[in-house]
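So you can see what is in the structure, the chains are spelled out below.
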Amino acid sequence: AQSVTQLGSHVSVSEGALVLLRCNYSSSVPPYLFWYVQYPNQGLQLLLKYTSAATLVKGINGFEAEFKKSETSFHLTKPSAHMSDAAEYFCAVGSGGSYIPTFGRGTSLIVHP
Amino acid sequence: SQTIHQWPATLVQPVGSPLSLECTVEGTSNPNLYWYRQAAGRGLQLLFYSVGIGQISSEVPQNLSASRPQDRQFILSSKKLLLSDSGFYLCAWAVEEKLFFGSGTQLSVL
C-alpha cells in the first residue's frame, strides 16, 4: 500500500522568497516519487521524479526536491519564487509493475508581489 | 514525439443525460492509460486504468464506466449523469513511471 500526505493546502510566499512545499509518503516498497504542477484549467505537468539514483533531484523551472528516507519525505523547494510559479502542486508516489501512482491532495502556491 | 488529446474541454450536461469523453494517444504503443477526476479541493481521484485493449480496472464504485476499444483510445462513459459527477476529468498515459496528462474536461452537471 502507498499513500501521500501534503502538509498545507495553501502556501503563500512573497516574490523572491524561498518556496517549500511539504510531502510525506508511505510505501511498502522502494518508492518512485514525483512532483507535478497544474496551472489553472490545465492538465498536470511533471516537475521532477525520484527513482533512487540520487537523493537530490533537480526539475524544471528551478525546482528541486530531496528524498529523505529516514523522514519518509520528499519536499519541494525553490530558492526564489516567481509570480509565474503560482499554481497547484501535487506530490505522488508510485511503484513498479502495473504503474498506479497515488497522489496527494495538492498544495496551492500563492505568490505575492 | 508522444501527444495526448482529450476532448471536449468543457461540457455542460443535464442530470440523467449520457456522457462520453474521449482520449487518444499518439506516438506510442500499448500505453498504460488512466482516467482521473479532480473535484474542487479534493485532489486527484483515480477512476479507471487500463494496461491493454479491453482491459479495464475500476478503482472506485460509481456511476461511470470506461472502455478501451483500440490500443491508444480510452473512453469514459455514463448512461445517466448525477450531480456528483461534476468535476475536472483528466486522461493520462504512462511511460517509465511518469504520467503525461491531457488538458482535461470540465464537466458541469446541472
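Everything numeric here is computed off the predicted structure, so don't read it as measured data. (Residues numbered from 1 in each chain as written. Chains lettered and ligands numbered in written order. Predicted model: local features only at pLDDT ≥ 70, side-chain atom pairs only at ≥ 80, totals over all residues. Heavy atoms only, no water.)

Q: Just to check I follow, could you spell out the overall build of chain A for this structure?
A: Along the backbone of chain A there are zero helices and 11 strands. Mapped in sequence order, the helices and strands of chain A form the string β-β-β-β-β-β-β-β-β-β-β. Taking 13 Å as the expected radius of gyration for a compact globule of 113 residues, we find that chain A reaches 13 Å, a close match to that expectation. Considering chain A as a whole, with its 113 residues, one finds that 43% of them fall into the buried category. Contacts spanning at least 24 positions in sequence make up 56% of the contacts within chain A whose residues lie at least 6 apart. (Helix = DSSP H or I, 4+ residues; strand = E, 2+ residues; numbered from the N terminus. Rg over C-alpha atoms; globule rule 2.2 N^0.38 Å. Buried < 20%, exposed > 50% of the residue type's maximum accessible area, 1.4 Å probe, protein only. Contact = heavy atoms within 4.5 Å.)

Q: Can you help me understand the state of the cysteines in this one?
A: Taken as a whole and judged by the stated rule, the model has two disulfides over all chains. Residue Cys23 of chain A pairs covalently with Cys91 of chain A via a disulfide, S to S 1.9 Å. When the S-S torsion is -65°, as for the bridge of Cys23 of chain A with Cys91 of chain A, the disulfide is left-handed. Of this pair, Cys23 of chain A sits in strand S3 (residues 19-27) while Cys91 of chain A sits in strand S9 (residues 87-94), placing them 68 residues apart in sequence. Pair check on accessibility: Cys23 of chain A and Cys91 of chain A agree, each one buried. The disulfide partner of Cys23 of chain B is Cys91 of chain B, and the S-S distance across this bridge is 2.0 Å. Taking the sign of the torsion about the S-S bond as the criterion, the disulfide between Cys23 of chain B and Cys91 of chain B, at about -75°, is left-handed. Taken together, the residues Cys23 of chain B in strand S3 (residues 19-26) and Cys91 of chain B in strand S9 (residues 87-95) connect sequence positions 68 residues apart. Taken individually, Cys23 of chain B and Cys91 of chain B each receive the classification buried, so the pair is uniform in this respect. (Disulfide = S-S within 2.5 Å.)

Q: What exactly am I supposed to notice about the pairing of S3 of chain A here?
A: Two faces make up the sheet, and in a regular strand the side chains alternate between them. Residue and element names in this part refer to chain A. Relative to S3, strand S1 (residues 2-7) is paired through six bridges, and the arrangement is antiparallel. Looking across to S3, one finds that Thr5 is bridged to Asn24. Across four bridges, the pairing between S3 and strand S8 (residues 73-78) is antiparallel. Residue pairing for S8: Leu21 is matched across the bridge by Leu76. (Pairing = 2+ DSSP bridges.)

Q: For this particular structure, what's the right way to read the sheet that holds strand S8 (residues 73-78) of chain B?
A: Sheet strands pair by backbone hydrogen bonding; their relative direction is either parallel or antiparallel. Residues and elements named next belong to chain B. Strands sit in the order S1-S3-S8-S7 across an open sheet of four strands; the sheet is antiparallel. With partners counted over all chains shown, the strands left at the sheet margins are strand S1 (3-7) and strand S7 (65-70), one partner each. If you compare each strand with its neighbour and ignore which way they point, the axes differ by 20° on average. Both S3 and S8 contribute to a ladder of six bridges, which runs antiparallel. The residue bridging Cys23 from the neighbouring strand is Phe74, located in S8. (Axes fitted to C-alpha atoms, helices over the stretch in contact; angles between N-to-C directions.)

Q: What am I meant to see in the pairing of strand S5 (residues 44-50) of chain A here?
A: All names here are of chain A. Counting buried positions along S5 yields five of seven residues, so the element is predominantly enclosed. Looking at chain direction, strand S4 (residues 32-38) and S5 are connected through six bridges and run antiparallel. Among the inter-strand pairings, Val37 is bridged to a residue of S5, identified as Gln45. Taking the residues between adjacent antiparallel strands as the criterion, S4 and S5 are bridged by five residues, where Asn41 takes a positive phi near 60°.

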